[in-house]
Amino acid sequence: MRFSLGALLTLSSAPAPPPVFAQSPSPSPGGEIEARISRGELGAAIELGVALLPEHGADPALREQLGRAYFLLSEAIEERDGPAAEVDAARRAALAHLAAARQHSPASPARIFLAMATLHHHLGEFAEAERVASDGLSSRPEDALLRGARARARGELGAWTAAIEDWDAALRANPSDVEAAIARAEAWVQLGKPCDAAERLVLACIAPGGSALTREDWRTHYNIGRCWLLCRRYEEAIAPLDRAAELAPRNGMVAIERAENLYRVGRIAEATEALDRWLADDAALERPQRLQAFYRRGRIAAAAGDVARARSAFEETLFLDPAHEGALSGLGALLRSAGETVRATELLERFRRLSPIALDLRTAEQAIRRQPSDPRPRLKRIELLLSIPEPAGARPELEDFARRFPRHRSLAELWSRLEIIERANAPGGPR
Amino acid sequence: MRLVALLLAAALAGCEGGKGSGGAASPIAFPFVDVAVERGLIFRHDDGALGERTLPETMGGGGGFLDYDQDGDLDIALIDCGPLAEGAARPLNRLFANDGAGRFTDVTEASGFGDNGRGMGLAVGDIDNDGDPDVYVTNFGENVLLVNRGDGTFARATPEAARIPTWSVSATFLDHDRDGALDLYVVSYLDVTLATHRRCERGELHVYCSPRDYPPEEDHLLRGDGRGGFTDISAESGIRVDPPGRGLGVLATDFDDDGDDDLYVANDMDLNFLFVNSLESGSARFREDAVLLGCAASEDGRPEAGMGVDSGDFDGDGDFDLVVTNFEEQTNSIYRNDGGAAFTESSYHVGLGAVSLPFLGFGVRFFDHDLDGDLDLYVANGHVFDNAAEMRQGSLHAQADQLFENRGGKFVDVLAPAVAAGAVPALVGRAAASGDIDDDGDLDLLVVNNGGPAMLLENRASRDPPRLGLRLEGTPPSNRDAYGAKVTIESSGTGGAPPLRQVFEVRAGSSYLASHDPRIVAAVPGAESARVAIRWPSGRTETLEAVPAGAYHHIVEGEGIRASRPFRR
């Protein structure tokens, strides 16, 4: 996820990054740099570019090439879940070179502004992102990509009305831009107007005369459905979610949302079928979606009185997330009803211990989804899980954290705390 | 009044109806007609809002039924608030006397009922067993006990333990230790004062703060001595929980059918509490077990914004189920009692899922509105944010109430078509209480609206089906109100009506900031009489055979039917 656009896009697919370097910069003393970048040899390209700096430091093309190389490097590191500090360092370097390129070439191309705005955005510097995008737009007011960059920044700053104006302009320039239409809908949602968001998304994307591109894009229908849900028009959400599922049959988010809504409106058999089909089709999907799908399958089955299916689904959920409050309480209730009071009590007691921190856990989880490269919400979740007597779920989270942030200064202390607690909780341990 | 005009017009247009002798369910638009104004119940709740958005402003609006002058008909008490500032001129709480023909007269001054505290709700019970109802009023600030002198007037006689100078909301009388003297559970909400009030904003909007912005306040359990005195036994009784909950609603019911009162507290954004009473050797001890018993949280295991609470055997299996009203975007929760006080969250299963998501519920009442032998459900709705519509499209401050008819264990919102047509008024509902104001053998409703008029909803749904009414009076060692008595009514229908077994409890406190008519009204379809089995609070059991339908029966413990009075027509 490169952009975090709030409720809608967070739940839809990750938007593709704007083509910030769609065109290669003009030839420079570092023609070889371009070749190396093209071959994906980013380190070598940077090494060569830096070597040329003493002689050609004022060449905007060289600076732009270096900025581009660092930009791509930051993406590559992030892609392989590399350390967040390295990602940020590459972004800072890219920004420095792009700023230099801009300084040495007052008539910088739009892509420079776009790249800089994007980098500031990734670094959480939304005011700077907005300023750079505005600078670019001052001479190119019709540039849809710059409009989008500024709209995203304005959204992060909470200036949703201004963001909508930018998205409107971006959509006038490119009516087929599904992501812009969805992002504008998100801005309407953020303004507290989900019904308006749904209506505008319908008008922009699937009304007669609209683009076939947007009509056949599952994200269009998925987000129309989501807007109707937020507008509490659950029946209206059924058709767009059905259509999204037709267009993206293997998409877990769509399957889960559709099933949840079918359950909400009382169509339990269809909800179950939607989840089962998806889970059966793709057993190798990533953890968060499998977790959600199993949990919802459990809940729906429990409501339908299918105890065996509910139990199995809740067990799968807890295997993936031992601290899942819904699965703990759901399975606990099932087992209690089945007379398995010992395990039921164990699960429900665990639920009770987790409950005081559950809201904070969910808040941290949302923050992680919004800013996956930021270690702070992950640390918050681990701290929370370690704060209860039985830190269910802390170990997998800490292992994940260590993989992402191997040099983080808190790691040693967190491992030490976890081990002390685990020893105390081990059978025969000093409780 | 627009409201009255609307409802009457609809009723005259033939919109009323219901499941009745015709058999098939017909579309019901207006089973109730608001008769408040025409009957003289003129009351408009003053929320005291002055733009500061101090939370107590938006939480109040209490009321209930009682027969304060013991003349055999139901009178009405209404709890007002007004400006919160110390020393501000505030409206009095009001008492309206019923003249027996269903017309009400304001007797606040003559009765001494008026109090100008920053009122929230009330609890009604005969604390000194002298045969008349006393009233405990909860406030934002010190609470007040009004002891009925028996001559139509009240004396302020609040024992120190009952003052509770924090922010109290719902309260209920119960005899938790079965010593024959009523005890009192008082729910406290938040630890906030005018001095600690904060300004809260969402985006650019000035809003009421979230309850999470303030620490929770501890509830209180007071043991009554039967003479008007109370002792705070919160600490030793087991009702103290660490951390406390942000409580709003309370209910005393014998969920595990072991002959004593358990307590359920609906908490706002905290897990709800179920205090299971293990009464041994005359000394009660509560254990909080809502999580283990499955009634603490939503279906997703999340704490909800619990507001009001009621219990009743809606599924006819002989035990008491729970309903809790919650915030918008949360369902109202039905916890089905699986026996032995273990519950299953069943909101979607019983049809209360999606239909309750757009609404913010407060007052709630299980009652058989159409007298077909099962419990229906009334929910008083209204947002806490006066600027809800600015916060989110589709959210409304004033909301229509909902009436869910029980159709074979599934609830159907029978007011929805009328709401969609804009024919049901939208107000900011808080307390909802049931009572038979005209003694005609069906249950009417009192709804108190925050910052709005009180509604007196006369029940016009039923078409005179066979039913009977019971007023129970306990004798020592039971409390005189017989609160906590369990009543089983069995009727063997004739003419095709199936046999029916219904269970009830005698109590007045539940819902939100409300007190109900403690009499029991039960349908006995196709029957002329019913078998009535009573387990009194003392533990004594009595069975009365062939209790005739068509009347209220005054049953005294150990004595049987002392008097009967036919329903009015």
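Please explain the overall build of chain A as it appears in this structure.
Secondary structure summary: chain A contains 23 helices and zero strands in total. Considering chain A as a whole, with its 431 residues, one finds that 55% of them fall into the buried category. Total accessible area computed for chain A in this model is approximately 18,300 Å², and 53% of it derives from carbon and sulfur atoms.

Just checking my understanding: could you explain the interface of chain B and chain A for this structure?
Interface size is often expressed as the accessible area that is lost when the parts come together. With 30 residues of chain B in contact, the opposing surface of chain A contributes 27 residues. There are seven salt bridges connecting chain B and chain A. With a shortest N-O distance of 3.7 Å, A:Glu325 and B:Arg302 are connected by a salt bridge. Between the two partners, chain B and chain A, sit 14 residue pairs in polar contact (both at pLDDT 80 or more). Breaking the side of chain B that touches chain A down by element, the ones donating at least two residues are helix H6 (290-293) and strand S23 (343-345) of chain B. With three residues, H6(B) is the largest single contributor of residues to the side of chain B that touches chain A.

What exactly am I supposed to notice about the state of the cysteines here?
What we call a disulfide is simply a covalent bond connecting the sulfur atoms of a pair of cysteines. All chains considered together, the criterion is met by two disulfides over all chains. With a sulfur-sulfur separation of 2.1 Å, A:Cys195 is cross-linked through a disulfide to A:Cys231. Since a negative S-S torsion denotes a left-handed disulfide, the A:Cys195-A:Cys231 link at about 100° is right-handed. Here A:Cys231 lies in the loop between helix H13 (218-230) and helix H14 (234-247) and A:Cys195 lies in helix H11 (residues 194-205), a separation of 36 residues in the sequence. Each of the two residues, A:Cys195 as well as A:Cys231, counts as buried. One disulfide bridge connects B:Cys200 with B:Cys209, the sulfur atoms lying 2.0 Å from each other.

Looking at this structure, I do not really get the nonpolar core. What am I missing?
In summary, soluble globular proteins display a tendency toward joint burial of nonpolar side chains. Core analysis: the biggest nonpolar cluster contains 61 residues, and B:Trp167 and B:Tyr185 have the highest contact counts within it. Looking at this core, the element that brings in the most residues is strand S16 (residues 247-253) of chain B, giving three residues. Residues in contact with B:Trp167, not counting those within four places in the same chain, are B:Leu55, B:Pro56, B:Met59, B:Met120, B:Asn139, B:Phe140, B:Gly141, B:Val187, B:Ser188, B:Tyr189, B:Leu190 and B:Val192. By size, the runner-up hydrophobic cluster in this structure holds 57 residues, among which are A:Leu334, A:Ile382, A:Leu384 and B:Ala297.

What exactly am I supposed to notice about the pairing of strand S2 (residues 62-66) of chain B here?
Where a strand is regular, its side chains alternate between the two sheet faces. Residue and element names in this part refer to chain B. With respect to burial, S2 is a largely interior element, five of its five residues being buried. Where burial is concerned, the two faces of S2 agree: the one with Gly62, Gly64 and Leu66 and the one with Gly63 and Phe65 are both buried. The pairing of S2 with strand S3 (residues 75-79) spans five bridges and is classified as antiparallel. Residue pairing in the sheet places glycine 64 in a bridge with alanine 77 of S3.

What am I meant to see in the sheet that holds strand S17 (residues 262-267) of chain B here?
Strand pairing in a sheet is mediated by backbone hydrogen bonds. Such pairs are either parallel or antiparallel. All names here are of chain B. Pairing is antiparallel across the open sheet formed by four strands, whose spatial order is S16-S17-S18-S19. Each having just a single partner strand, S16 and strand S19 (286-288) make up the two edges of the open sheet. Averaged over neighbouring strand pairs, the angle between their axes works out to 20° when direction is ignored. Pairing analysis gives three bridges linking strand S18 (residues 273-277) to S19, with the strands arranged antiparallel. Paired with asparagine 277 across the two strands is phenylalanine 286, which belongs to S19.

Quick question: what am I supposed to make of the pattern of salt bridges here?
Side-chain pairs of opposite charge can arise where the charged atoms are in close proximity. Evaluation of the coordinates by the stated rule reveals 86 salt bridges over all chains. Here A:Arg299 ties to B:Asp300 by a salt bridge, and the two come within 2.6 Å at their closest N and O atoms. Taken together, the residues A:Arg299 in helix H17 (residues 287-304) and B:Asp300 in the loop between H6 and strand S20 (309-312) connect one chain to another. You can call A:Arg299 buried: its relative accessible area is 5%. For B:Arg223, the salt bridge is made with B:Asp177, and the minimal N-O distance between the two is 3.3 Å. Placement of B:Arg223 in strand S14 (residues 220-224) and of B:Asp177 in the loop between strand S10 (168-174) and strand S11 (183-188) is noted, with a sequence separation of 46 residues between them. For B:Asp177, a relative accessible area of 5% puts it in the buried group. Taken together, the shared-partner salt bridges connect A:Glu130, A:Arg147, A:Arg150, A:Arg154 and A:Asp166 into one network.

Sorry if this is basic, but what is going on with the sheet that holds S2(B) here?
All names here are of chain B. If you walk across this open sheet you meet the six strands as S5-S4-S3-S2-S35-S34, and the pairing is mixed. Looking at strand neighbours, the two that pair on one side only are strand S5 (104-106) and strand S34 (509-510), the edges of this open sheet. As defined by bridge partners, S3 adjoins strand S4 (residues 94-98) across three bridges and the pair is classed as antiparallel. Counterpart to leucine 78 in the pairing with S4 is arginine 94.

Reading the values: the criteria
- Residues numbered from 1 in each chain as written.
- Chains lettered and ligands numbered in written order.
- Predicted model: local features only at pLDDT ≥ 70, side-chain atom pairs only at ≥ 80, totals over all residues.
- Heavy atoms only, no water.
- Helix = DSSP H or I, 4+ residues; strand = E, 2+ residues; numbered from the N terminus.
- Buried < 20%, exposed > 50% of the residue type's maximum accessible area, 1.4 Å probe, protein only.
- Areas by Shrake-Rupley, 256 points an atom, 1.4 Å probe, with all protein chains shown as cover.
- Contact = heavy atoms within 4.5 Å.
- Salt bridge = Lys/Arg side-chain N within 4 Å of Asp/Glu carboxyl O.
- Polar contact = N/O pair within 3.5 Å; in protein donor to acceptor, adjacent residues only side chain to side chain.
- Disulfide = S-S within 2.5 Å.
- Core = buried A, V, L, I, M, F, W, Y, C linked by side-chain atoms within 4.5 Å.
- Pairing = 2+ DSSP bridges.
- Axes fitted to C-alpha atoms, helices over the stretch in contact; angles between N-to-C directions.

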